[in-house]
Amino acid sequence: YLDRATSVAKTAIALDPDDGLCHGVLGSIHLMREDHGQAGRYFERALALNPHDTMFRTDYGWYLMAVGQPEQALVILDQREIFEPHPPLYPCLVA
């Protein structure tokens, strides 16, 4: 399913390069595949396009933990709580 999701997200980005959702989805896919270089690039682009997106901010925090940057991860996760102080369950499900 990750190959299909990657293909769909890349097609969507080709149609609209400024779609932050698709960049975030690709970041999450690469994080699941432990392709940290690509994950970081896609998360950074997603957050540049939509800096208040809490779902991808959460995933970006997990990415930062995975690459050994826990201090930066905590900053990102704290920002997430500022943008959405009462988030839905998805941050709990990620942990």
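Definitions and limits used
- Residues numbered from 1 in each chain as written.
- Predicted model: local features only at pLDDT ≥ 70, side-chain atom pairs only at ≥ 80, totals over all residues.
- Heavy atoms only, no water.
- Helix = DSSP H or I, 4+ residues; strand = E, 2+ residues; numbered from the N terminus.
- Rg over C-alpha atoms; globule rule 2.2 N^0.38 Å.
- Buried < 20%, exposed > 50% of the residue type's maximum accessible area, 1.4 Å probe, protein only.
- Core = buried A, V, L, I, M, F, W, Y, C linked by side-chain atoms within 4.5 Å.
- Contact = heavy atoms within 4.5 Å.
- Salt bridge = Lys/Arg side-chain N within 4 Å of Asp/Glu carboxyl O.

Caption draft 1: How the structure looks around the overall build of the chain. Scanning the chain from N- to C-terminus turns up six helices and zero strands. Shown N-terminal to C-terminal, the secondary structure of the chain runs as helices and strands in the order α-α-α-α-α-α. Against the compact-globule benchmark of 12 Å for 95 residues, the chain has a radius of gyration of 13 Å, which places it among compact chains. Overall size of the chain, expressed as C-alpha extent along the three principal axes, is 35 × 25 × 20 Å. Considering the chain as a whole, with its 95 residues, one finds that 37% of them fall into the buried category.

Caption draft 2: Up close: the nonpolar core. Core analysis: the largest hydrophobic core is formed by ten residues, namely Leu 31, Ala 39, Phe 43, Leu 47, Phe 56, Tyr 60, Tyr 63, Leu 64, Ala 73 and Ile 76. For this core, the secondary structure elements donating two or more residues are α3 (36–49), α4 (54–66) and α5 (70–83). The dominant element in this core, judged by the number of residues it contributes, is α4, at four residues. Here Phe 43 is in contact with Gly 24, Gly 27, Ser 28, Leu 31, Phe 56, Asp 59, Tyr 60 and Tyr 63, once residues within four sequence places are set aside. Formed by seven residues, the second largest nonpolar core is a distinct cluster that contains Ile 13, Cys 22, Ile 29 and Tyr 42.

Caption draft 3: Quick look at the pattern of salt bridges. In total, this model carries three salt bridges according to the counting rule given. When the shortest N-O distance is used, the salt bridge between Arg 33 and Asp 3 registers 2.4 Å. A residue pair is termed long-range when its members are at least 10 positions apart, and Arg 33 in the loop between α2 (20–32) and α3 and Asp 3 in helix α1 (residues 2–15) qualify at 30 residues. Given the relative accessible area of 35%, Arg 33 is considered partly exposed. Relative accessible area serves as the criterion here: at 59%, Asp 3 is assigned to the exposed category. Its salt-bridge partner being Arg 45, residue Asp 18 comes within 2.9 Å of it at the nearest N-O pair. Note that Asp 18 is positioned in the loop between α1 and α2 and Arg 45 in helix α3, a separation of 27 residues in sequence.

Caption draft 4: The arrangement of unusual backbone geometry in detail. A positive phi angle, close to 60 degrees, is found at Glu 34, a residue other than glycine. Structurally, Glu 34 can be placed in the loop between α2 and α3. We classify Glu 34 as exposed; its relative accessible area is 62%.

By themselves these figures say nothing about function.
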